[in-house]
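# Geometric and topological summary
Below, each chain spelled out in residue letters.
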Amino acid sequence: MEREDLKVLNQGAEDEMVLRSYRLCRWRLALVGLGVLCTGGALLLPLYWMPEWCAKATCSSTTARRANVVLLRSTDEFRRWFLARVRVMLAPSRNPYHGLEEEESQITSLPFSSNPTDSPPLAHARTPHPTDSRLARGPNGCSANRQPARVCYFTLHSKKYFWNDDLQNFQFLTGLEDLELRFSSLHSEHGTGLTRKQQENRRRFFGVNEIAVKVPSIFKLLMKEVLNPFYIFQLFSVILWASDEYYYYAAAISIMSVISITTSLYTIKKQYIMLQAMVAAHNNVRVSVCRANGGIEEAMATDLVPGDIMVIPSNGTIVPCDAVLVSGTCIVNESMLTGESVPVTKTNLPNPARGEGDQVYQTKGHTRHTLFCGTQVIQTRYYAGDLVKAVVVRTGFSTAKGRLVRSILYPKPTDFKLYHDAYLFLLCLVAVAAIGFVYTVTLSVWNGVPAETIVIEALDIITITVPPALPAAMTAGIVYAQRRLKRVGIFCISPQMINICGQLNLVCFDKTGTLTEDGLDLFAVQRVENGSFRPSEESADKESLVKSRFVACMASCHSLTKIDGRLAGDPLDLKMFEATGWILEEATAEGTTLHNHIMPTVVRPPKRLLPPQPVMSPEQDEDIYTLSLAYEIGIVCQFPFSSALQRMSVVARLLGDKRMDAYLKGAPEVVAALCKKETVPENFTEVLQHYTRQGFRVIALAHRRLESKLTWHKVQSINREHIETNMEFLGLIFMQNKLKAETPGVLRDLHRANIRTVMVTGDNMQTAISVARDCGMIPPQDTVIISDATPPRDGQNANITWRYADKPGGEAPRPEEVSINLEEVCHAEHSWQSVTADKARRARQQHHFAMSGKSFAVISQHFPDLLPKLVLNGTVFARMAPDQKTQLVEALQGVDYFVGMCGDGANDVGALKRAHGGISLSQLEASVAAPFTSKSPNISCVPSLIGEGRAALVTSFSVFKFMALYSVIQYSSVTLLYSILSNLGDFQFLFIDMAIILLIAFTMSLNPAWGELVPRPPPSGLLSVPLLLSVLSQILICFGFQLFAFLSVRRQPWYEVWTPLSDACNLSSPALNSEVDEHNIRNYENTSLFYVSSFQYLIVAVVFSKGKPFRQPSYKNVPFVLSALSLYAFLLFIMFHPVATIDELLDIVCVPFEWRVKLFNIVLVNATVSVLVEIVVFDFVLWKLTSGQDKQGGDGAPPSKGGIDVWGRKCLSRLCCRQQMAPKARYMQLAQELSADPNWPPKSTTTTEAKPRQEQRSSYQIVIDS
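Quick look at the structure, then.

## Examining the overall build of the chain
- Secondary structure assignment for the chain yields 41 helices and 42 strands.
- Counting all 1266 residues of the chain, 54% fall into the buried class.
- Once local pairs closer than 6 in sequence are excluded, the contacts in the chain between residues at least 24 apart make up 75%.
- Within the structure as shown, the chain displays about 57,100 Å² of accessible surface, and the carbon and sulfur contribution to it stands at 56%.

In structure tokens:
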């Protein structure tokens, strides 16, 4: 046996896996086959459920190069196993990017091996072209002697992994990005297209360009569904019940299972069909493809491979792959991927000379040049007949849309403590069942019961312990919550996330469009002349400014376009352009000729703004006179807005001017840094802070006169860094962005519920802080500490300077009074917290950290130990790039926060996917970035979602506890009856399981959420002390009263072993039914336990169906109340007014009226004890002890009841907890540590400097500035 060969696939990626290599072993296969025959096929089930067992049972370890079976395990927290078969294909080359010159053509048509093991049919292989038959011979006409290359690969989750000899590992081929091509290479080496042979070779590796969502057949779906362990257990239970002649119950469970399976199959099939319809559009597109010989041919989009050049039609199309524009410009609607309906301008990839500015192309980093699969091209722009072309970069499931569909087809399991605890609890029930199994076997053998009966009864005790209706009952609360969310306009595509949303204790909000209004209004402009600010002006629509550089920049520096005659584009661009009053005209294909192929888009002011012109003299030429009057600016080239760069620019030319101008707009700090220092006013920072503190969004403008040597052709290929430098500062634009009316109230509700709120935005720092104060995210009395981090430079280490922001009204903060608010930070786990009066007084004034995206990047890289401490109290994160928003969510999750994210833009997509609960405010149906989408465009959906999540979570606890008690109660009844060789009857089981359990379990889940969020969150797991003690206490109570009833009935003076001739009720005539009861079902013990246990099911249902503070009271749940009352009435009726037909059906025997009264008293006492124990002991005392906060001391007031409460608390603490529990969540541990740190938070006179990790344990040290 060879040593096990371990490989790592997708290292560092989200889908990283460890690969183990195996070869099929004949003797192991023979042994497994023999075991399958001996077990009647049952051995196949564990091998199907456990891929690792299957691999080790049928294969032997080998090297990855020789493997024909691979076993893969994900490296995430789920540790999932996958099994894949390694296949072999024949290809002209092992490298899909091989040039395939004439020697390649010699082997293209060689016949493949007929051995199916060595040469399986190629997936998605095309029929060879008719003209390829002659290629089997070389240039001299002789037969080729070069053999095709054997390429090993396996497929997993719609991804092909090919063996790479150089890496000695399997590798996934994404597309042209594997070659790490530079801009110049894409134009020079991939700008002419592929030959047919090259295309055929690449198709062997990359397959057909389609996102194939195959709808499985009903048979496949059925097999996958019924092979679930739960249904296998149900099948086993039904067979067992049928063999024991429990036909009715077996039939009822079978019908319920068939309905459940049918519903599940219908839902799954419908989802597959909907997903297939979503991706089918681009699979049926016809495209024009450029060939290497210069020709253009029509082809189906499914024939595209990486490296093909497709022509984008002028009337638009659905993009069938990921491609990079190499010529022309496109207006694209990317709402399918981002949820934003704003048209996006895509420009062609620059073609710089090799060397400076020649970057490596990446789809993620160069999105403004990339067309993504599934997006809609609305318009194209081209010059003088030059076609709009794009090089195919990725195809199929490697595209952006393909990755999205693959994440839907193969989702990660939901990781939540509730489900882990549920499995552990079920294992406990299995252990209880094992005890009952041994007890039943021992008792039956002792009493000489036949072996067949022993086996049936012993196995039956297992089926009783694990309730068959548990999964359906657990799901009911989530389904009801999903329906309620839909009624309030919140749509959910991942129902299992609803429970997790009940645990959210921190929510991140985007600012623009989420906390504030989407629309911006121009408040004022402030121009700069001769390096100084002029007084602010309310409008730019003035005759005096019409020919100024400032207004020219406002009118030309944008990405607006006309769609169906209407301006469309970014809302900020739209508002800015409308404020100038200018007119935008886009040249048609014919119009480009009039502009000498240079200016496709022209902006000009209206005639009313232009000064009066002299009258044309008779000797002047009319065309020259008209040209002299015209004042038009043509936009020659655009460098679109980049979130990472925080700016955009254009190159424009004034009509009649020989030189071009560059106009730039963006974040003031960024623009000022790109301008000549003498053009930036000295009071730039003061003016900027003055407006940003008031919450205005500030945009800076700049201009540069370009050199005369820069022609149109040079500008099209120049790098933007060459343009965006040595600019002249023009001034500032102040845009007003008002808070949405709902924002302050919603944030107050979240703060009252002890849910942290964080702002993460791409806007200016001071603006973000101002909005945070205005909306209540930062209270007026709290202090904001700005963290300015700088990377290492000039031999100096990275460092952080701490700066205290001014409070409203100019009040300077006092650093020594700032402290950590433990009450705010540690709200979710109170078992360890006891805030003293002195600490609470200091905690009233909290500090908040604020930082920019640049500082966040530096701290993440150079201060990894400090980052968790900063996010603990970080409230404002400004100028954050899209990937930084995702990193922030991960950092918060890293300190054990349950993080929600609420946003509405493309910048939020990654964070929405990463958060525990992502809520998109986009109303577009195509927004699939987040599990939740709100119809209302404001954050009022957040408390609704958290409230419903809490209600669903508490409902899941209640239902699970109820179903657990149901199993144990029935287990107790059956175990007691087994002691007298009796059991519950068929219809008794049926009545309990169908009429009581299912009806109650599904109606007790209907309680809607409580009207407001309370400060205390619900527990996250079933294994908390109060929940466990609650379940265990109810088990002991119910078993105790059952045992009491069982023993008491046998001590009654009228008791005797029941026979059909018994007359315990003193009837005038004996029972008419004298049929012998073979199974000893009808007896006094059975009847007594049936009555008591039936009432116990209802008692625990009422006890566990709690309302406030997370759900509405149970009395408002009308279906549950009616169901419970109806069952109570029915049970009391058959107890005190026997009906012969019902008694015979339920195998109930007649008992004296006095005993019925005693049974009723037993039930009353049982109900009283259960309610008192649950409500008084657990709801009041234990919850106060384990999660209650010492609120009397928190305000500095003395305890209300003197020493009695303190003494009682200490006693209970010693009895139940013994010692003070340490906090479990990492953010609470950090808060506890920082509360004792005298140097935290940093003072305004300190600088934190990074140090190499080998020098000391910490990655930083605090330096006191002199």
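## Brief notes about the sheet that holds strand S26 (residues 583-586)
- Within the open sheet, the nine strands sit side by side as S23-S22-S32-S31-S30-S29-S28-S27-S26. Their pairing is antiparallel. Every interior strand has two partners, whereas the edge strands, strand S23 (532-533) and S26, have only one.
- Two elements, strand S29 (residues 647-654) and strand S30 (residues 661-666), share six bridges in a ladder whose sense is antiparallel. The partner of Val651 across the bridge, within S30, is Ala662.
- On the sheet, helix H21 (residues 684-692) packs against strand S22 (521-529), S23, strand S31 (697-705) and strand S32 (728-736) and is oriented at approximately 10 degrees with respect to S32.

## Quick notes on the packing of helix H35 (residues 1084-1104) against helix H36 (residues 1118-1136)
- It is the contact of H35 with H36, at a shortest axis distance of 11 Å, that shows an interaxial angle of 160 degrees. On the basis of the axis angle, H35 is roughly antiparallel to H36. For the element pair H35 and H36, the recorded crossing hand is left-handed. Contacts between H35 and H36 involve Tyr1091, Ser1094, Phe1095, Leu1098, Ile1099, Ala1101 and Val1102 from the former and Phe1120, Ala1124, Leu1127, Tyr1128, Leu1131, Leu1132, Ile1134 and Met1135 from the latter.
- When grouped by side-chain class, the residues that make up the contact of H35 with H36 number 14 nonpolar, one polar and no charged.

## Some thoughts on H21
- By the burial criterion, the buried members of H21 are Phe684, Val687, Leu688, Tyr691 and Thr692. What you see down the axis of H21 is that its buried residues fit within an arc of 125 degrees, all on one side.
- The elements touched by buried residues of H21 are S22, S23, helix H20 (668-673), S31, S32 and helix H25 (765-774).

## Considerations on the environment of Asn348
- Along the chain, Asn348 turns up in the loop between strand S16 (344-346) and strand S17 (370-371).
- C-alpha of Asn348 to C-alpha of Ser327: the two residues are 21 residues apart in sequence and 5.0 Å apart in space.
- Those residues in contact with Asn348 that sit more than four places away from it in its chain are Leu325, Val326, Ser327, Gly328, His369 and Gln716.

## Considering the nonpolar core
- Phe962, Met963 and Ile1000 are the most contacted members of the largest nonpolar core, which has 83 residues in total.
- Counting residues per element, this core draws most heavily on helix H32 (residues 941-978), at 16 residues.
- Among residues more than four places away in sequence, those in contact with Phe962 are Ile997, Ile1000, Ala1001, Met1004, Tyr1097, Val1100, Ala1101 and Phe1104.
- Listed in part, the 44 residues of the second largest apolar core include Phe509, Leu747, Leu750 and Val942.

## Some words on a nonpolar patch on the surface
- Taken together, Tyr48, Trp49, Met50 and Trp53 make up a surface patch of nonpolar side chains, about 420 Å² in accessible area.
- Note that Trp53 resides in helix H3 (residues 51-58).
- Looking at Trp53, the relative accessible area reads 49%, which means it is partly exposed.

## Observations regarding the pattern of salt bridges
- One pass over the full model with this rule turns up 29 salt bridges.
- The residue Glu707 makes a salt bridge to Arg704 at a minimum N-O spacing of 2.9 Å.
- The exposure class of Glu707 is partly exposed, given its relative accessible area of 32%.
- Glu1174 is paired through a salt bridge with Lys1106; the nearest N and O atoms lie 2.5 Å apart. In this pair, Glu1174 is assigned in helix H38 (residues 1153-1187) and Lys1106 in the loop between H35 and H36, connecting sequence segments 68 residues apart.
- When its relative accessible area of 23% is taken as the criterion, Lys1106 is described as partly exposed.
- Overlapping salt bridges bring together Arg196, Arg291, Glu297 and Asp308 as one network.

## Structural notes on the packing of aromatic side chains
- Under the counting rule described, the total for this entry stands at 28 aromatic pairs.
- Where Phe849 meets Trp1240, the ring centres are 5.6 Å apart and the plane angle is 50 degrees; that geometry is what we call tilted. Here Phe849 is found in strand S36 (residues 847-852), whereas its partner Trp1240 is found in the loop between helix H41 (1226-1235) and strand S41 (1246-1250), with 391 residues between them in sequence.
- Its relative accessible area of 0% is what places Phe849 among the buried residues.
- We classify Trp1240 as buried; its relative accessible area is 8%.

## A closer look at the sheet that holds strand S8 (residues 159-164)
- Within the open sheet, the four strands sit side by side as S6-S7-S8-S9. Their pairing is antiparallel. Sheet topology places strand S6 (87-91) and strand S9 (169-172) at the edges, where each strand pairs with a single neighbour. If you compare each strand with its neighbour and ignore which way they point, the axes differ by 40 degrees on average.
- With respect to the sheet, helix H6 (residues 196-206) is in contact with S6, strand S7 (149-156) and S8, its orientation differing from that of S6 by roughly 175 degrees.

## Structural notes on the pairing of S6
- Of all five residues in S6, four are buried, a share of seventy percent or more.
- Sheet analysis places S6 next to S7, joined by five bridges and oriented antiparallel. Across the sheet, the residue bridging to Val88 is Cys152, located in S7.

## Topic: the side chain of Glu1085
- As for its position among the elements, Glu1085 is in helix H35.
- Of the residues examined, Glu1085 reaches a relative accessible area of 3% and is grouped as buried.
- At 3.4 Å, the side chain of Glu1085 and the side chain of Arg1050 are in polar contact.
- If we skip the residues at most four places from it in the chain, Glu1085 touches Leu977, Ile980, Phe1046, Val1049, Arg1050 and Tyr1055.

## Details of the pairing of strand S15 (residues 329-333)
- With four of its five residues buried, S15 lies for the most part within the structure.
- Pairing analysis gives five bridges linking S15 to strand S18 (residues 376-381), with the strands arranged antiparallel. Across the sheet, Thr329 pairs through a bridge with Arg381, a residue of S18.

## Side note on empty space enclosed by the protein
- Applying the stated rule across the entire model yields six cavities of 30 Å³ or more.
- In this structure, the second largest cavity encloses a volume near 70 Å³.
- Around the second largest cavity, the lining is made up of eleven residues, and of these Trp241, Tyr249, Ile464, Gln970 and Phe989 lie nearest the centre.
- Grouping the constituent residues of the lining of the second largest cavity by class yields seven nonpolar, two polar and two charged.

## Describing the side chain of Thr514
- As for its position among the elements, Thr514 is in the loop between strand S21 (506-509) and S22.
- A relative accessible area of 0% places Thr514 in the buried class.
- In contact with Thr514, not counting residues within four places along its chain, are Phe509, Lys740, Thr743, Cys902, Gly903, Asp904, Leu921 and Ile939.

## Re helix H30 (residues 882-894)
- Helix length check: H30, at 13 residues, gives a terminal C-alpha distance of 19 Å against a target of 18 Å (1.5 Å per residue), a fit within 8%.
- Among the residues of H30, Gln884, Lys885, Thr886, Leu888, Val889, Ala891 and Leu892 are the ones counted as buried.
- Among the residues trailing H30, Asp896 stands out with phi positive, at a value near 75 degrees.

## Section: the packing of helix H34 (residues 1025-1049) against H35
- Remark: H34 packs on H35, axes separated minimally by 9 Å, with the N-to-C direction vectors making an angle of 160 degrees. Taken together, the axes of H34 and H35 are roughly antiparallel relative to one another. Between H34 and H35 lies a crossing of right-handed hand. Contact residues: Ser1030, Gln1034, Cys1038, Phe1041, Gln1042, Ala1045, Phe1046 and Val1049 in H34; Tyr1084, Glu1085, Ser1088, Leu1089, Val1092, Ser1093, Gln1096, Val1100, Val1103 and Phe1104 in H35.
- Across the contact of H34 with H35, the residue classes break down as eleven nonpolar, six polar and one charged.

The rules we used
- Counting restarts for each chain, with residues numbered from 1 along the sequence as it is written.
- Per-residue local features of the predicted model are confined to residues with pLDDT of at least 70, and side-chain atom pairs are confined, for both listing and counting, to 80 or more; whole-chain, interface and lining totals are unaffected and use all residues.
- Side-chain metrics in this entry use all non-hydrogen atoms of the structure; hydrogen atoms and water are not considered.
- In this text, helices come from DSSP runs of H or I with a minimum length of four residues, and strands from runs of E with a minimum of two, each type numbered from the N-terminal end.
- Relative accessibility decides the category of a residue: with a 1.4 Å probe and only protein chains considered, values under 20% of the type maximum give buried, values over 50% give exposed, and everything between is partly exposed.
- We call two residues in contact when some of their heavy atoms are within 4.5 Å.
- The accessible surface values rely on the Shrake-Rupley method and a 1.4 Å probe; as for residues, cover is taken only from the protein chains in view.
- Strands qualify as paired when DSSP identifies two bridges or more between them.
- For helices, the axis comes from a line fit to the C-alpha atoms of the stretch in contact; other axes are also lines fit to C-alpha atoms, and the angle between any two N-to-C directions lies between 0 and 180 degrees.
- Note that the term roughly parallel is reserved for angles under 35 degrees, roughly antiparallel for angles over 145, roughly perpendicular for angles of 65 to 115, and oblique for everything else.
- Crossings are sorted by hand: turned counterclockwise from the far helix by less than a right angle, the near helix makes the crossing left-handed, and turned clockwise it makes it right-handed.
- Here the nonpolar group is Ala, Val, Leu, Ile, Met, Phe, Trp, Tyr, Cys and Pro; Asp, Glu, Lys and Arg are the charged ones; every other residue, Gly included, is treated as polar.
- Directions pointing from the helix axis toward each C-beta atom define the arc.
- Throughout, nonpolar core names a set of buried Ala, Val, Leu, Ile, Met, Phe, Trp, Tyr and Cys residues whose side chains join them through atoms within 4.5 Å.
- Patches here are clusters of residues that have more than 30% relative accessible area and form no salt bridge, with a 9 Å joining cutoff for like charges and a 5 Å cutoff for nonpolar side chains (Val, Leu, Ile, Met, Phe, Trp, Tyr).
- Each reported salt bridge corresponds to a side-chain nitrogen of Lys or Arg within 4 Å of a carboxyl oxygen of Asp or Glu.
- Pairing of aromatic rings covers Phe, Tyr and Trp, the last counted by its six-membered ring, and requires centre-to-centre distances within 6.5 Å; plane angles under 30 degrees mean stacked, over 60 mean edge-to-face, and any other angle means tilted.
- Two N or O atoms count as a polar contact when they lie within 3.5 Å, although within protein this holds only if one can serve as hydrogen donor and the other as acceptor, and sequence-adjacent residues are included solely when both atoms are side-chain atoms.
- Using a grid of 1 Å spacing that covers the protein atoms alone, one calls a set of points a cavity when a 1.4 Å probe fits there but cannot get out, and a pocket when the set is open and has protein on both sides within 12 Å along at least five of seven lines; lining residues are those with an atom within 4 Å of a point.
- Grid points are joined across faces, edges and corners, and a volume is the space filled by probe spheres set on the points.
- For a helix, the expected span equals 1.5 Å multiplied by the residue count minus one.

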